[in-house]
Amino acid sequence: MRRPGQDNAESHRRLSRRALLLGGAQIAFMSMLGLRMRYLQVDQADQFRLLAEENRINIRLLPPARGEIFDRNGVPIAVNEPSYRITMVREDAGDVEQVISQLSSLVDLDEVTLNRARAEMKRSAPFLPVTLADHISWEEMSRIAVNAPSLPGITPEVGLSRQYPIRGDFAHVVGYVGPVSDYDLSKIEDPDQLLRIPRFQIGKVGVESKLEDNLRGKAGAKRVEVNSVGRVMRELDRREGQQGADLQLTLDQALQSYIQARLGEESAAAVVIDCQNGDILSLNSSPSFDPNLFVTGISVADYRDLTENNYRPLAAKSVQGTYPPGSTFKMVTALAALEEGIITPEDTVWCPGHLEVSNRRFHCWKRAGHGHVDLEEALRESCDVYFYDVALKLGIDKLSAVADRLGLGHKFDLPLSGIARGLNPTREWKERVRGQAWVVGDTVNASIGQGNVLASPLQLAVMTARLASGKDITPRLVKSVDGIETPHPEAQSLGFNANNLQKIRRAMFTVSNHRRGTAYGSRIIEDAYRMAGKTGTSQVRNITAAERARGVTKNEDLPWERRDHALFVNFAPYDNPRIAVAVVVEHGGGGSTAAAPIARDITLQALHGGMPPLDAYPTKDRKRIEEQQKRLRAVIPDRDGNRGGDRA
């Protein structure tokens, strides 16, 4: 029988053993916890400190100021202006719709933009700002600032946005910027992170697009401290970005704006180029458009107006448009024949109004014919049969070789969108592209700038500058980048016989200054500025034998799109060429009536550096020119973009 003391001792031993096991387990657990804490706090301290820092500190890009664009005299044509916008933070606003209603009583809000903002709020965190209105006026900005206490969550902000102060006058050259799209990103293999900033603007067309890398600049950065849900707590530091490079173009703003006004609403193009160094002084396409419409995203209605216009205001016709050069090509044929010794300036050709070639009749524009004509007379009166006859002796190979030396068929390296190569046709080209052999009729057509020959207004201006100078003038558009002059190789001789070139120039002079010249009505009578030129009229339709028999339908009696193109090229002054000009009026009819008067006005404007005196014009034209100059002064912008009555 157990005694009570023995039972108590046994229970005490069992309790002590259990306590020992429990204590050992606790000690083991605490040891493991201590070791783990040591591992995390000591051994892995640097790694976790880095992870914590990365979670707490964010690096955010700061967009740089875009480089600005100026004309050759420093007139700004693409600038950065303060852009005022309104943003809302949803969690600070409370009742979003009520705040928007209050805001609407102060400023006009676009419903489309508001709906886009509402959708963005639903996708975004409540503490992130969302833009409700962009490009608001300073007056609207002021009203919002004054009423800020009653507009919870609303913040007026200021940034930089592109502005084109002279609007449409440079639209086809400078182009425009717009917000980065998915399509833009898809075209870039390794896109700059800047491009992922919401509403960041990049060049879409023209110089803005082609020189995007120069204009964009380098991003800055700021370090901000954020909490666990991403809200910015404070800014720690910032490094400002590097502004994009400023560009200076060779264009002259006063001349560019004058020509744009002179072309008016015609579907037309004009180019003025320096005959000595190739600087492009103007590059115009008409009608134009306001590039400011595209900066924040053009409306559907505005875009439809542009795309449905038959005159194609979005097309840069001066470099993208290609046209049969018509009779402006006849200098090429004449020079090639002189260089090959096939003709002399005194040789004559009989023109009865047509020439039979391979059982086909090729007509002269003058139905009754010109009779006996020599080189000068043929160019002066634009006799087609003379050049048909010359081309049969010359052949297409020698003709296309001279056209190539004069710049036709060349795609010049300029920072512009969609530059056309044109077409200087050869035997090889027709075989490769058309799968057909070259025939003699092709050569006859090519001799007067018809058939397969195509040229842009820029190429025609280069051709004329090369004829005037005898050098391989190459067009240049960018004068300097951040003040550093753009290199331009010195023009070299084309190797043409000087006497032959002089014969061509003299014949061009008579076109404008001889009573029987096709451009005599558009002559300049001021001796120091007399021009040498050539009219051109290119067909855009076939004239049937039946129509010829009953009389060719006049252009004015045809639908606009079936009328002939009107062309004129010239250089001036004749004795010391400074500029070359090319004008194309789409479906304008005759070159002498539609294009030559415009080219004369452009030439005088360029040489005088402003509105020329009336005594530079023939007496019969002075009253009309005076009225024309008054109208143009009312619409030509000054260097600040003010037009007519808008000027102070």
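S.K.: Requested: an account of unusual backbone geometry, with residues and values cited.
M.R.: A cis geometry characterises the amide bond from S286 onward to P287, with omega recorded as -5°. Mapping P287 onto the fold places it in the loop between strand 12 (280-286) and helix 12 (292-295). In the segment running from A572 into P573, the intervening peptide bond is cis, with an omega of -15°. Inspection of the secondary structure assignment puts P573 in the loop between strand 20 (565-572) and strand 21 (579-585). The backbone phi angle of N359 is positive, close to 65°, even though this residue is not glycine. Relative to the helices and strands, N359 resides in the loop between strand 14 (354-357) and strand 15 (360-363). On the basis of relative accessibility, which here comes to 83%, the residue N359 falls in the exposed class.

S.K.: Could you give an account of the pattern of salt bridges, naming the residues involved and the relevant values?
M.R.: Taken as a whole and judged by the stated rule, the model has 29 salt bridges. Between R66 and E208 there is a salt bridge whose closest N-O contact spans 3.0 Å. Pair noted here: R66 is in the loop between strand 1 (57-62) and strand 2 (69-70) and E208 is in helix 9 (residues 206-210), with a separation of 142 residues, a long-range link. Just as R66 is buried, E208 falls in that class too. The partner of E381 in a salt bridge is R380, with the nearest N and O atoms 2.8 Å apart.

S.K.: Explain the packing of aromatic side chains to me, using residue names and the numbers behind them.
M.R.: One pass over the structure, following the stated rule, counts nine aromatic pairs. When the centroid spacing of 5.7 Å and the interplanar angle of 75° are considered together, the rings of F289 and F294 count as edge-to-face. The buried category is assigned to F294, whose relative accessible area is 9%. For R523, the ring lying beneath its charged end belongs to Y520, and the centroid distance is 3.9 Å.

S.K.: Mind laying out a positive patch on the surface, listing which residues take part and the relevant values?
M.R.: Residues K187, K210, K411 and R421 make up a contiguous surface patch of positive charge. Secondary-structure assignment places K187 in the loop between helix 8 (182-186) and strand 7 (201-205).

The rules behind each value
Residues numbered from 1 in each chain as written. Predicted model: local features only at pLDDT ≥ 70, side-chain atom pairs only at ≥ 80, totals over all residues. Heavy atoms only, no water. Helix = DSSP H or I, 4+ residues; strand = E, 2+ residues; numbered from the N terminus. Buried < 20%, exposed > 50% of the residue type's maximum accessible area, 1.4 Å probe, protein only. Salt bridge = Lys/Arg side-chain N within 4 Å of Asp/Glu carboxyl O. Phe/Tyr/Trp six-rings, centres within 6.5 Å; stacked < 30°, edge-to-face > 60°. Lys NZ or Arg CZ within 6 Å of the ring centre and 35° of its normal. Patch = residues over 30% accessible without salt bridge, like charges linked within 9 Å, V, L, I, M, F, W, Y side chains within 5 Å. Areas by Shrake-Rupley, 256 points an atom, 1.4 Å probe, with all protein chains shown as cover. Lys, Arg positive; Asp, Glu negative; His and termini not counted. Charge placed at Lys NZ, Arg CZ, Asp CG, Glu CD.

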